[in-house]
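One letter stands for each residue in the lines below.
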Amino acid sequence: MALEDLSEFFDVDEHAQAASYTPSGGSASSITVIFRNEFYLEDGGTVGVETTQPVITVQTSKVPGIAHGDVIAISGINYNVIGIRPDGTGISEIALEKQ
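Please read all numbers here as calculations on a predicted model, not as lab measurements.

Caption draft 1: Region of interest: unusual backbone geometry. Not every positive phi belongs to a glycine, and S75 is a case in point at roughly 50 degrees. Turning to its location among the elements, S75 is positioned in the loop between strand 4 (71-74) and strand 5 (77-86). Of the residues examined, S75 reaches a relative accessible area of 64% and is grouped as exposed.

Caption draft 2: Fine view of the side chain of S92. Position of S92 among the secondary structure elements: in strand 6 (residues 91-98). The exposure class of S92 is buried, given its relative accessible area of 3%. Apart from residues no more than four positions distant in its own chain, S92 is found in contact with I56, T57, V58, T60, R85 and P86.

Caption draft 3: Structural context of the sheet that holds strand 6. With antiparallel pairing, six strands are arranged side by side around a closed barrel as 1-2-3-6-5-4. Strand-to-strand twist in this sheet, taken as the mean axis angle between neighbours without regard to direction, amounts to 45 degrees. Two strands pair when backbone bridges link them, and strand 2 (residues 29-42) and strand 3 (residues 49-59) are joined in this way by nine bridges, in the antiparallel orientation. Following the sheet pairing, R36 is matched in strand 3 by V55.

The rules we used
- Each chain has its residues counted from 1, running along the sequence as written.
- Note on the predicted model: pLDDT of at least 70 is required for a residue's local features to be given, and 80 or more for side-chain atom pairs to be given and counted; whole-chain, interface and lining totals, by contrast, use all residues.
- For the side-chain quantities, the full set of heavy atoms in the structure was used; hydrogens and water were omitted.
- Here a helix means four or more residues in a row that DSSP labels H or I, a strand means two or more in a row labelled E, and each is numbered from the N terminus.
- The buried label goes to any residue with under 20% of its type's maximum accessible area, the exposed label to any with over 50%, and the partly exposed label to all in between, with areas taken from a 1.4 Å probe on protein chains only.
- Throughout, a residue-residue contact means that at least one pair of heavy atoms, one from each residue, lies within 4.5 Å.
- A pair of strands counts as paired when DSSP detects no fewer than two bridges linking them.
- Note on method: axes are straight lines fitted to C-alpha atoms, helices fitted across the in-contact stretch only, with angles between N-to-C directions ranging 0 to 180 degrees.

Pasting the structure below:
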């Protein structure tokens, strides 16, 4: 996908939703994200534990310098950034943890 096409992908009338990004010690800014609360099975030794992991997909350019501990607010819920996975094409997946 070409970078000029990303705005259509992150359209709040389609797949995305509004969010707020606050870097640690910084000011909040509005961003558009695709939010998922992904299911996964955590290794619990002999018995697995079912859980979920909130993840957002965001245009990398909209969150320059994003770091662990920054805050993303979605639908009135605050999440801490706990994982950052840029894919090299202008998109990043950000793993979150509910505050």
